[in-house]
Amino acid sequence: MVAFTLNGATVQVVAEGTPLLHVLRGECGLSGPRFGCGAEQCGACVVLVDGAPAYACTMGVEAVAGRSVTTVEGLGSAAAPHPLQRAFLAEQAGQCGFCLSGILVAAAALLARDPDPDDGAIRDALDPHLCRCGSHNRIIRAVQRAAAEMRA
């Protein structure tokens with residue numbers, strides 16, 4: 001049995017020896033974190049573990065015992081979206097959306113440690129994430145827009 005905090009709520013799972021991503025999508029019923037490459041190369045599976053981006057596809061669920069895990073579902077809700085979620089919609093930064101859950105949580109970690117990131121800091125933070133839709137400039141604008149809203 002592994003216990004951890006998931007999006008603010010304590011959960012216990014029995015899937016020891018299983019990658020965190022499979023536990024989140026399976027036993028926990030979340031669809032935000034996605035399986036992309038399974039080798040820490042695309043960022044689609046990224047979640048926050050104690051506020052830092054982490055690849056859920058290769059991390060065993062035991063690694064989060066007693067820790068806090070945040071997925072894109074934990075950033076905001078449909079009724080009260082996170083500023084990043086609002087900004088991505090406003091900037092039309094999502095195309096197919098497959099990569100967005102990882103990008104959104106990585107951007108949230110960036111804004112938590114740097115409330116006024118420049119383009120270079122945003123690009124560095126999001127560099128591990130692949131987006132094949134060509135939305136990169138819109139994603140950068142969306143992160144800047146969210147940062148400005150959060151500073152206001």
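In case you missed it, the structure is sitting above this.
Heads up: these notes are all about the structure in this document. In this text, all values refer to a predicted model and were calculated from it rather than measured experimentally.

**Quick word on helix H6 (residues 136-151)**
The terminal C-alpha atoms of H6 lie 23 Å apart, and with 16 residues this matches the ideal 22 Å at 1.5 Å per residue to within 8%. Considered for burial, the residues of H6 that qualify are Ile139, Ile140, Ala142, Val143, Ala146 and Ala147. Axial view of H6: buried residues confined to an arc of 160°, hence all on one face. Elements that come into contact with the buried residues of H6 comprise helix H3 (83-90), helix H4 (100-113) and helix H5 (119-126).

**A word on the packing of H4 against H6**
Contact pair H4 / H6: the axes reach a minimum separation of 11 Å and the direction vectors enclose 40°. Here H4 is positioned oblique relative to H6, judged by the angle of their axes. Here H4 and H6 pass one another in a crossing that is right-handed. Contacts between H4 and H6 pair Ile103, Ala107, Leu110 and Leu111 from the former with Ile139, Val143, Ala146, Ala147 and Met150 from the latter. A breakdown of the residues in the contact of H4 with H6 according to their chemical character gives 9 nonpolar, no polar and no charged.

**Notes on the packing of aromatic side chains**
What the rule picks out here adds up to 0 aromatic pairs. Sitting above the plane of the Phe98 ring, Arg34 keeps its charged end 5.6 Å from the centroid.

**Considerations on unusual backbone geometry**
Its identity as a non-glycine residue notwithstanding, Glu40 has a phi of 60°, on the positive side. Within the secondary structure, Glu40 is located in the loop between helix H1 (20-25) and strand E3 (46-49). In the Ramachandran plot, Asp50 falls in the positive-phi region, its phi being about 50° despite a non-glycine side chain. Here Asp50 lies in the loop between E3 and strand E4 (52-55).

Definitions and limits used
Residues numbered from 1 in each chain as written. Predicted model: local features only at pLDDT ≥ 70, side-chain atom pairs only at ≥ 80, totals over all residues. Heavy atoms only, no water. Helix = DSSP H or I, 4+ residues; strand = E, 2+ residues; numbered from the N terminus. Expected span 1.5 Å × (residues − 1). Buried < 20%, exposed > 50% of the residue type's maximum accessible area, 1.4 Å probe, protein only. Arc of directions from axis to C-beta. Contact = heavy atoms within 4.5 Å. Axes fitted to C-alpha atoms, helices over the stretch in contact; angles between N-to-C directions. Parallel < 35°, antiparallel > 145°, perpendicular 65-115°, else oblique. Left-handed = near helix turned anticlockwise from the far one by under 90°. Nonpolar A, V, L, I, M, F, W, Y, C, P; charged D, E, K, R; others polar. Phe/Tyr/Trp six-rings, centres within 6.5 Å; stacked < 30°, edge-to-face > 60°. Lys NZ or Arg CZ within 6 Å of the ring centre and 35° of its normal.

From the geometry alone we can't say anything about function, so treat these as descriptive.
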